[in-house]
Structure formats: structure tokens, C-alpha cells
Amino acid sequence: MSAIIVNSPLYALDNSPPNPTSPTTQFMSQSSAQPRSFMTLAHGDQRPPLQPVKYQQYTPMDPPQGMSYAAFLRTWNDDTVARWLNEIKCGCHDETFRANDIRGDVLLELDQVTLKEMGISSIGDRLRILNAVKEKQQRRR
């Protein structure tokens, strides 16, 4: 009769020391002070801890039925403008828009000169913003 030998300290039947290179042995030998999961094994312990998500009330980007698009844009506050900036891949400028009081009531008045004056130096971001403003202007009509 032969014995089954498994590379785990729990199932070692031959009294030999466990294989130190075995993934099971490495997992079992970790300190129990810090719980580990398969996710931390796969990605290492270098990931930052998860942060809570800031709750933001959902605001539709389309006007309610019966409201003109121009009137709807005038209701946009700092958070709505920040969401719009995120949608057009320019969310890094939300603080700049807040600091310069750019909300829905003046959003459609933006141009190259104003964006430069606000300190938006990236030509790509200025073009993204202006193209999105142009789309809003056409939709207003």
C-alpha cells in the first residue's frame, strides 16, 4: 500500500517538511494578523485601500419634458458642469470652472480666449470643451 503525498502541511503523511515553494504552503504560512484574499495574492499588497464613493444625486443631462434646452442649461450648477466636463474627458478642469463661476448660464459663451484666460493651457482640452459647447449651442436652437 502506498501513501498519498500532498504538498500541504495539513495533508503531509510522510512527516517530511512541506515544500516551501508551494503556493499552498506560502499562503498558509502568511501571518494570520493580516487577512489575505485571492485578490491580494493576485495583485500584491500594493493597492491603496478602497475609498468611499461620494454620493451625488443623479441629474439628467437632458431637459425635462416641456422645458427648453436653453432654460435647462441655465439650471446647471457647479456639480452639473463638473459632470459634463467628466463626460467630455476634461474633468480635471472642474475646479477651474468652479473658481471662475462657469455654470450653465454662461457655459455657451465660452471661447478660446476665455479658456486661455481661465488658465486652460492644453489645446486638446480647449478644443474638447469648445466642440462640446458648440454641440450645446446647436442643440439650444
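This one's a predicted model, so the numbers in the text were calculated from it and none came from an experiment.

Enquirer: Explanation requested: the overall build of the chain in the structure shown.
Expert: Along its length, the chain carries 8 helices and 0 strands. Put simply, the chain runs from its N terminus to its C terminus through helices and strands in the order α-α-α-α-α-α-α-α. For the chain, with 141 residues in total, the buried portion stands at 23%. In the chain, 40% of the contacts between residues at least 6 apart in sequence involve partners at least 24 apart. Summed over all atoms, the accessible surface of the chain reaches about 10600 Å², with 53% contributed by carbon and sulfur.

Enquirer: Hey, could you run me through the pattern of salt bridges in this one?
Expert: Any two side chains of opposite charge can pair, given that their charged atoms come close. Enumeration over the complete set of coordinates arrives at 7 salt bridges. Across the pair Arg 83 and Glu 87 runs a salt bridge whose closest N-O atoms are separated by 3.7 Å. Here the residue Arg 83 and the residue Glu 87 both occupy positions in helix H4 (residues 78–87), the gap between them amounting to 4 residues, near one helical turn. In this structure, the salt-bridge partner of Arg 128 is Asp 125, at a minimum N-O distance of 2.9 Å. Highlighted residues: Arg 128 and Asp 125, both in helix H8 (residues 123–140), separated by 3 residues, approximately one helical turn.

Enquirer: How should I be thinking about the packing of aromatic side chains in this particular structure?
Expert: Any two aromatic rings considered together are summarised by their centre-to-centre distance and by the angle between their planes. In this structure the tally under the stated criterion is 3 aromatic pairs. For the pair Tyr 69 and Phe 72, a centre-to-centre distance of 6.1 Å together with 50° between the ring planes defines the contact as tilted. Note that Tyr 69 and Phe 72 are positioned in helix H3 (residues 69–74) at a spacing of 3 residues, about one turn of the helix. Look at Tyr 69 and you get buried, because its relative accessible area is 7%. Geometrically, the ring pair formed by Phe 72 and Trp 76 is edge-to-face, given 6.1 Å between the ring centres and 90° between the ring planes. Residues Phe 72 and Trp 76 agree in their burial class; the two are buried. Taken together, the ring pairs connect Tyr 69, Phe 72, Trp 76 and Trp 84 into an aromatic cluster.

Enquirer: Can you walk me through H4 in this structure?
Expert: Burial in H4 covers these residues: Thr 80, Val 81, Ala 82, Trp 84 and Leu 85. Buried-residue contacts for H4 involve helix H5 (94–99), helix H6 (104–107) and H8. At the N-terminal boundary of H4, the capping side chain belongs to Asn 77, with an oxygen 3.1 Å from the backbone nitrogen of Asp 79.

Enquirer: Would you take a moment to explain the nonpolar core for this structure?
Expert: Within soluble globular proteins, side chains that are nonpolar generally end up buried alongside one another. In terms of nonpolar packing, the biggest core is built from 22 residues, with Trp 76, Trp 84, Leu 85, Phe 97, Leu 110, Leu 115 and Ile 129 touching the most fellow members. Mapped onto this core, the elements with two or more residues apiece are H3, H4 and H8. Tallying contributions element by element places H8 first for this core, with 4 residues. Not counting chain neighbours up to four residues away, the residues in contact with Leu 115 comprise Phe 97, Leu 110, Ile 120, Arg 126, Ile 129 and Leu 130.

Enquirer: For this particular structure, what's the right way to read the environment of Ile 120?
Expert: By secondary structure assignment, the location of Ile 120 is in the loop between helix H7 (112–117) and H8. Owing to a relative accessible area of 1%, Ile 120 belongs among the buried residues under this scheme. Distance from Ile 120 to Thr 96, taken between C-alpha atoms, is 8.2 Å for residues 24 residues apart in sequence. Here Ile 120 is in contact with His 93, Thr 96, Phe 97, Leu 115, Asp 125, Arg 126 and Ile 129, once residues within four sequence places are set aside.

About the cut-offs
- Numbers given to residues run from 1 along each chain, matching the order in which its sequence is written.
- In keeping with the model being predicted, local features are shown solely for residues with a pLDDT of at least 70 and side-chain atom pairs are shown and tallied solely at 80 or more, while totals for entire chains, interfaces and linings include all residues.
- Computation of side-chain values: all heavy atoms of the structure, hydrogens and water removed.
- By the criteria applied, helices consist of DSSP H or I runs no shorter than four residues and strands consist of E runs no shorter than two, each listed in order from the N terminus.
- The cut-offs for exposure are 20% and 50% of the maximum accessible area for each residue type, with area from a 1.4 Å probe on protein chains only; residues under the lower value are buried, those over the upper are exposed, and the others partly exposed.
- Note on contacts: a residue pair is in contact if any heavy atoms of the two residues lie within 4.5 Å.
- For accessible areas, the Shrake-Rupley method is used with a probe of radius 1.4 Å. Any residue's cover is judged against the shown protein chains and nothing else.
- Each reported salt bridge corresponds to a side-chain nitrogen of Lys or Arg within 4 Å of a carboxyl oxygen of Asp or Glu.
- What counts as a ring pair is set by centres within 6.5 Å for rings of Phe, Tyr and Trp (its six-membered ring), and what kind of pair is set by the plane angle: stacked under 30 degrees, edge-to-face over 60, tilted for all other angles.
- Contacts described as polar in this section are N or O atom pairs within 3.5 Å, which, within protein, must combine one atom able to donate a hydrogen with one able to accept it, while residues neighboring in sequence count only if both atoms come from side chains.
- Each nonpolar core is a collection of buried residues, namely Ala, Val, Leu, Ile, Met, Phe, Trp, Tyr and Cys, held together in the definition by side-chain atoms within 4.5 Å.

By themselves, these observations are geometric and do not establish any function.
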